[in-house]
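# Chains, contacts and geometry: an overview
Given next are the chains, with one letter for each unit.
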Amino acid sequence: MWGNRQLQGTDTAYRKRASSPSSCLFTFLVFAALACGGCQSPLPPLPNPPGPKTTVRLSPGDVIKASYADETIPDQTQKIRRDGKVSLPLIGEVTAAGKRVIDFQHELVPRYEGELENSEVLVTLENGAAAVIISGFANKPGKVVFDRPTTVYQAIMEAGGVSDYGSLSNIHLTRIINGVQRTERINLRPSIHGEPTQPKYVQDGDVIYISRSLF
């Protein structure tokens with residue numbers, strides 16, 4: 001009989017505490033925080049995004065070929081050094097990195113005037129591999145090397161795609177622009193679901209970080 005007895009009003013007081021406004025408000029705030037943990041305000045897009053027809057600029061590690069119209073000098077195939085320069089016959093060291101191929105070619109022609117009877121030079125890019133770093137929750141994080149225009153989606157697929165713990169809607173693309181590190185947040189969920197989207201292209205030196213999914 002004692003086990004079935006309770007103080008008068010105990011059950012009523014318990015129900016009041018369980019359904020008190022402060023308790024309900026706390027529960028709502030916790031749920032809202034969990035639901036909106038990934039709803040961060042979008043970062044502004046990076047300026048001057050590259051595209052499939054973006055003009056290629058030479059970078060250290062690229063291999064270029066200089067073909068001379070004057071047959072007295074052999075054609076030159078050289079790899080751009082880390083300091084961005086190449087050493088060419090008769091004119092010595094020339095900075096190539098950061099320039100478009102056609103601009104570099106136009107720069108060489110006047111420099112060979114007076115050195116050759118025919119100063120015309122043709123510059124071509126023989127090998128222009130670039131690389132991005134994939135980190136975070138990718139199946140195969142690491143460096144991805146490409147030699148043609150590549151999108152963020154394609155680069156992540158090269159890294160094995162987003163892991164089971166990664167977030168498709170919270171991917172950070174970081175790029176150094178004019179000496180300043182800039183980051184843009186990208187949502188790849190529409191692309192995965194086959195919806196038409198504007199592709200984001202990567203550049204040499206970009207870092208892609210895949211955040212952890214909250215759910």
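Residues numbered from 1 in each chain as written. Predicted model: local features only at pLDDT ≥ 70, side-chain atom pairs only at ≥ 80, totals over all residues. Heavy atoms only, no water.

## Here we look at the sheet that holds strand β7 (residues 142–146)
In spatial order, the strands read β7-β6-β10-β8-β9; together these 5 strands make up an open sheet with mixed pairing. Of all strands in the sheet, those bounded by a partner on one side alone are β7 and β9 (180–186). With strand direction ignored, the average angle separating the axes of adjacent strands in the sheet is 25°. When strand β8 (residues 166–177) meets strand β10 (residues 207–212), the two strands line up antiparallel, connected through 5 bridges. Looking at the pairing, Leu173 lines up with Ile208 of β10. (Pairing = 2+ DSSP bridges. Helix = DSSP H or I, 4+ residues; strand = E, 2+ residues; numbered from the N terminus. Axes fitted to C-alpha atoms, helices over the stretch in contact; angles between N-to-C directions.)

## A word on the side chain of Thr174
Within the fold, Thr174 resides in strand β8. Using a relative accessible area of 17% as the deciding quantity, one classes Thr174 as buried. For Thr174, the side chain forms a polar contact with the side chain of Thr183, separated by 3.0 Å. Excluding its chain neighbours within four sequence positions, the residues that come into contact with Thr174 are Gln181, Arg182, Thr183, Asp206 and Val207. (Buried < 20%, exposed > 50% of the residue type's maximum accessible area, 1.4 Å probe, protein only. Polar contact = N/O pair within 3.5 Å; in protein donor to acceptor, adjacent residues only side chain to side chain. Contact = heavy atoms within 4.5 Å.)

## Some thoughts on helix α3 (residues 101–112)
For an α-helix, 3.6 residues make a turn, and residues three or four places apart therefore share a direction. In this model α3 runs 17 Å from its N-terminal to its C-terminal C-alpha over 12 residues, within 8% of the 16 Å that 1.5 Å per residue would give. Looking at α3, one finds that the buried residues are Val101, Phe104, Gln105, Leu108, Val109 and Tyr112. Down the axis, α3 shows its buried residues gathered within 145° of arc, on one side only. The first or second residue beyond α3 is Gly114, which carries a positive phi of 90°. (Expected span 1.5 Å × (residues − 1). Arc of directions from axis to C-beta.)

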